[in-house]
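Okay, here's what each chain looks like letter by letter:
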Amino acid sequence: MKKTILLISALVCLLNSCNKEDASPTTTEKPITYSNFKITSVKINNIPFTDGNGSSWDVSSGPDVYFRLTDKNDTEYTKGTQYNDILSTNLPFGWNFTKAFEINNLNTTFFVEIYDHDDLDSDDLIGIVGFNASYFTNGYPTSIPLSNSGCDIVINGTWY
Ligand SMILES: [Ca+2]
Ligand SMILES: [Ca+2]
């Protein structure tokens, strides 16, 4: 008999605690949060075809475009293979990562540096676009458009 009473009181407790949860304002479900993001591809929608002086990147052809993924210390994490003689009609173009680039600290800022490769002198920097994944944790978009200095890019990836 004692056992039954104990069981019943335990059950009542359980029910009460359930009721308390039900009384909370909207839902008892916790919103999903992610603490990592991995970049699976980078797409270039637009680049400026002239430098700050109005000169084209190459004298007689379009720029030979590649990107470097770096951090503030200029550590290079990955580099995209070069597309030669890009014209505005080649836009958009991009790179699928053979190995996704994993960001384990969402607060770290990375940079997509877009270059024109030159054979005879140092490569021309077309533009740099910063990316800090923590700015996108409201909604966790898997396709993130970013713009800076005339460069419009899209970073695609997965939250996990
Ligand atoms: Ca050049
Ligand atoms: Ca060229």
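Scroll up to find the structure this text is about.
Please read these numbers as outputs of a predicted model, since none were measured by experiment. Counting restarts for each chain, with residues numbered from 1 along the sequence as it is written. Lettering for chains starts from A, numbering for ligands starts from 1, and both go in the order in which the items are written. Only residues with pLDDT of 70 or above have their local features reported here, since the model is predicted, and side-chain atom pairs are shown and tallied only from 80 upward, although totals for entire chains, interfaces and linings are computed over all residues.

*Asks:* Help me out: how do you make sense of the overall build of the protein in this one?
*Replies:* To qualify as a helix, a DSSP run of H or I must reach at least 4 residues; to qualify as a strand, a run of E must reach at least 2; elements of each kind are numbered from the N terminus. Scanning the protein for helices and strands turns up one helix and eight strands. Helices and strands in the protein line up, N terminus first, as α-β-β-β-β-β-β-β-β. Counting other C-beta atoms within 10 Å of a residue's own tells you its class, since 20 or more makes it buried, 12 or fewer makes it exposed, and anything in between is partly exposed; those C-beta atoms are placed from the backbone. Relative to its full complement of 160 residues, the protein shows a buried share of 16%. The contact rule is simple: place each C-beta atom from the backbone, and if two of them lie within 7 Å, those residues are in contact. Taking all contacts inside the protein whose residues are at least 6 apart in sequence as the whole, residues at least 24 apart take part in 61%.

*Asks:* Would you mind showing me how to read the pairing of strand 3 (residues 76–79) here?
*Replies:* The two faces of a sheet get side chains in turn, since along a regular strand they alternate between them. Bridge analysis of strand 2 (residues 65–71) against strand 3 gives three bridges, and the strand direction is antiparallel. Counted as the bridge partner of R68 is K79 from strand 3. At least two DSSP bridges between two strands are needed for those strands to be called paired.

*Asks:* How should the sheet that holds strand 1 (residues 37–46) be read in this particular structure?
*Replies:* Ordered in space as 4-1-8-7, the four strands form an open sheet in which the pairing is antiparallel. A single partner strand is all that each edge strand has here, and the edge strands are strand 4 (93–103) and strand 7 (143–148). The average undirected angle you get between the axes of adjacent strands in this sheet is 25 degrees. Strand direction decides the pairing type here: strand 1 and strand 4, joined by seven bridges, are antiparallel. Counted as the bridge partner of I44 is F93 from strand 4. Between the N-to-C directions of two axes lies an angle of 0 to 180 degrees, each axis being a line fitted to C-alpha atoms and, for a helix, fitted only over the stretch in contact.

*Asks:* In this structure, what is going on with the nonpolar core? I would like to understand it.
*Replies:* Note that soluble globular proteins tend to have their nonpolar side chains buried in a common cluster. In this structure, V42, I47, V112, I114, I126, C151 and I153 are the most contacted members of the largest nonpolar core, which totals 21 residues. It is strand 1 that provides the largest number of residues to this core, a total of four residues. If near-sequence neighbours (up to four positions away) are discounted, C151 is found in contact with N46, I47, I114, I126, G127 and V129. One nonpolar core equals one set of buried Ala, Val, Leu, Ile, Met, Phe, Trp, Tyr and Cys residues connected by C-beta atoms within 7 Å.

*Asks:* Before we go on, may I ask you to explain unusual backbone geometry in this structure?
*Replies:* The bulk of non-glycine residues show a negative phi, and the bulk of peptide bonds are trans. P92 follows L91 through a cis peptide bond whose omega is -10 degrees. As for its position among the elements, P92 is in the loop between strand 3 and strand 4. A positive phi angle, close to 50 degrees, is found at D85, a residue other than glycine. Along the polypeptide, D85 turns up in the loop between strand 3 and strand 4. A positive phi is found at Y140, a non-glycine position, where the angle reads about 45 degrees. Mapping Y140 onto the fold places it in the loop between strand 6 (124–132) and strand 7.

*Asks:* What is the right way to read the sheet that holds strand 6 from this model?
*Replies:* The strands making up a sheet associate through hydrogen bonds between their backbones, and the pairing can be parallel or antiparallel. Ordered in space as 3-2-5-6, the four strands form an open sheet in which the pairing is antiparallel. Each edge of the sheet is formed by a strand with only one pairing partner; in this case those strands are strand 3 and strand 6. Averaged over neighbouring strand pairs, the angle between their axes works out to 20 degrees when direction is ignored. The pairing of strand 5 (residues 109–116) with strand 6 spans eight bridges and is classified as antiparallel. Bridge pairing links F110 to F131 in strand 6.

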